[in-house]
Amino acid sequence: MSAVSLETGLDVFDQARADAFGERFVGALNEAAMTVMASIGHRTGLFDALESASALTSAGLAHRAGLNERYVREWLAAMTAASVDEFDAAAGTYRLPPEHACWLTRASVPNNLAVAAQTIPLMGVVEAALIDCFRHGGGLPYDLYHGFHQVMAEDSAQTVVHALFDAILPLVPGLADRLDRGVAVLDVGCGSGRALLKLAERFRRSRFTGYDLCVEPIEQARAEAVRLGLGNMSFEARDLAEHPPEGPFDLITAFDAIHDQRDPAGLLRSIARALAPDGVFLMQDVAGSSHLENNLAHPLGTYLYAISTAHCMSVSLGQGGPGLGTMWGEELAHRMLVEAGFASVDQTSLPHDPVNTYYIARRGEPRT
Ligand SMILES: C[S@@+](CC[C@H](N)C(=O)[O-])C[C@H]1O[C@@H](n2cnc3c(N)ncnc32)[C@H](O)[C@@H]1O
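Engineer: Which residues make up the pairing of strand β4 (residues 207–212), and what values do they have?
Structural biologist: The side chains of a regular strand alternate between both faces of the sheet. Along β4, five of the six residues are buried, which leaves the element largely enclosed by surrounding structure. Examined bridge by bridge, strand β3 (residues 184–188) and β4 share five bridges and lie parallel to one another. Paired with Val 188 across the two strands is Tyr 211, which belongs to β4. What joins β3 to β4 is helix α12 (residues 194–202), and the crossover it makes is right-handed. In this structure, β4 lies alongside strand β5 (residues 233–237), joined through five bridges in parallel fashion. Pairing of Thr 209 across the sheet is with Ser 234, part of β5. In terms of handedness, the path from β4 via helix α13 (residues 215–227) over to β5 forms a crossover that is right-handed.

In structure tokens, the structure reads:
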């Protein structure tokens, strides 16, 4: 707390507070730099290569990962300075302790934090265009975010796909049985379709449809369906604001795909209309409050508001949407679901995915 001068009533400069903030910010520079390097470590396979050996020289790691030694050595120096890996100066070797590897390698899925680290440099990709929006308003097109759908697919593999059968489907009693018997399923904003592909593989008698605005992830999803020989599914690139889903569907899912839409309220209404009378809408969206003051202790508050600024809010505004933002919050989400025509809306959280809330909405009887 800053002191207030009794004479002037104005804030007195608190030097200790200033020093502490400066120190914290220097730490933030180091931590931010570490996440960018962690993103590179993930994308190049360096963490995986380092984990699979007890200790390696920079040349040994570069050889194992098929990369340039000079770049690998500098990356290792950054990772050593960040205490991510350990350096034996006498032997000239580097080691990734297992207690760190369990958060950073492909073998550590669904706990691989290096997947999320990729979102930090992704924000930098659009920084210049974003600054332009700060000056002139408007929003950003999806095309600017090179690599976004790949990162999103990896993230979805950890939070959704990994927990689909053991945690997410059981949220709706009897759902797995209905899928087993054969129902019609739609995933809106499906991205690369990993969740839907997993469902289609398991429930061969059900029919699965995925819609997403962007062509690139839809083409990937289609190719994967062909590769897996799944004839019970189809993917289509469509703007759901212009071409709402036509039902009836027994299950509609939206995994992290409502708040950044062009017309979230319209999409929720069209989902309610497209559901069969006994159908279920399962929506996973970011956990938190609609009110900033309630999110101050949120463990990922800064990160989520930053992602919102650099992506979720801006892509919605870029489509002429309302730009609800990542932290549109549970109060607003609940209200919009009710206003869209859902007679019952339950929400819950799952231990494996503290970042998101899971909503189960049913049309039920029309409200009078
Ligand atoms: C945060 S991503 C989630 C993707 C996917 N559900 C997942 O979990 O990986 C949101 C998705 O919504 C899609 N989207 C945004 N606006 C859309 C629109 N107007 N119509 C259809 N899809 C849209 C985006 O292309 C993006 O793939």
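Engineer: I'd like a rundown of the state of the cysteines, residues and numbers included.
Structural biologist: By definition, a disulfide links two cysteine residues through a covalent bond between their sulfur atoms. All chains considered together, the criterion is met by zero disulfides. The cysteine Cys 133 is free of any disulfide, with Cys 312 supplying the nearest cysteine sulfur at 14 Å.

Engineer: Give me the lowdown on the sheet that holds β5, citing residues and values where you can.
Structural biologist: Hydrogen bonds along the backbone pair up the strands of a sheet, which may run parallel or antiparallel. Ordered in space as β5-β4-β3-β6-β7-β9-β8, the seven strands form an open sheet in which the pairing is mixed. Two strands bound the open sheet, and with one partner strand each, they are β5 and β8 (344–348). For this sheet the average axis-to-axis angle between neighbouring strands, irrespective of direction, equals 15°.

Engineer: Before we move on, can you summarise unusual backbone geometry with the specific residues and values?
Structural biologist: A cis amide bond, omega 20°, links Val 109 with the succeeding residue Pro 110. Mapped onto the secondary structure, Pro 110 falls in the loop between α5 (98–101) and α6 (113–117). With an omega of 0°, the peptide bond running from Gly 247 to Pro 248 counts as cis. If you check the backbone angles, Asp 256 has positive phi at about 55° while not being a glycine. Counting through the fold element by element, Asp 256 comes out in the loop between β6 (249–255) and α14 (264–274).

Engineer: So, helix α1 (residues 15–43): which residues are in play, and what are the values?
Structural biologist: Under the 1.5 Å per step criterion, the end-to-end length of α1 is 42 Å for 29 residues, consistent within 8% with the ideal 42 Å. Among the residues of α1, those classed as buried are Ala 38, Ser 39, Gly 41 and His 42. Contacts from the buried residues of α1 go to α2 (46–51), α4 (69–81), α6, α7 (119–125) and α9 (148–159). Of the residues that open α1, the one with a side-chain oxygen 3.2 Å from the backbone nitrogen of Ala 16 is Asp 14. Looking at the residues trailing α1, positive phi occurs at Gly 45, about 85°.

Engineer: So what about the environment of Leu 46? Which residues, and what values?
Structural biologist: You can see Leu 46 is positioned in helix α2. Judged by its relative accessible area of 3%, Leu 46 falls in the buried class. Taking the C-alpha atoms as reference points, Leu 46 and Leu 67, 21 residues apart in sequence, are found 8.8 Å from one another. Residues in contact with Leu 46, not counting those within four places in the same chain, are Gly 41, Leu 61, Ala 65, Leu 67, Val 72 and Trp 75.

About the criteria used
- Residues numbered from 1 in each chain as written.
- Predicted model: local features only at pLDDT ≥ 70, side-chain atom pairs only at ≥ 80, totals over all residues.
- Heavy atoms only, no water.
- Buried < 20%, exposed > 50% of the residue type's maximum accessible area, 1.4 Å probe, protein only.
- Helix = DSSP H or I, 4+ residues; strand = E, 2+ residues; numbered from the N terminus.
- Pairing = 2+ DSSP bridges.
- Right-handed = clockwise from strand over helix to strand, strands pointing away.
- Disulfide = S-S within 2.5 Å.
- Axes fitted to C-alpha atoms, helices over the stretch in contact; angles between N-to-C directions.
- Expected span 1.5 Å × (residues − 1).
- Contact = heavy atoms within 4.5 Å.
- Polar contact = N/O pair within 3.5 Å; in protein donor to acceptor, adjacent residues only side chain to side chain.

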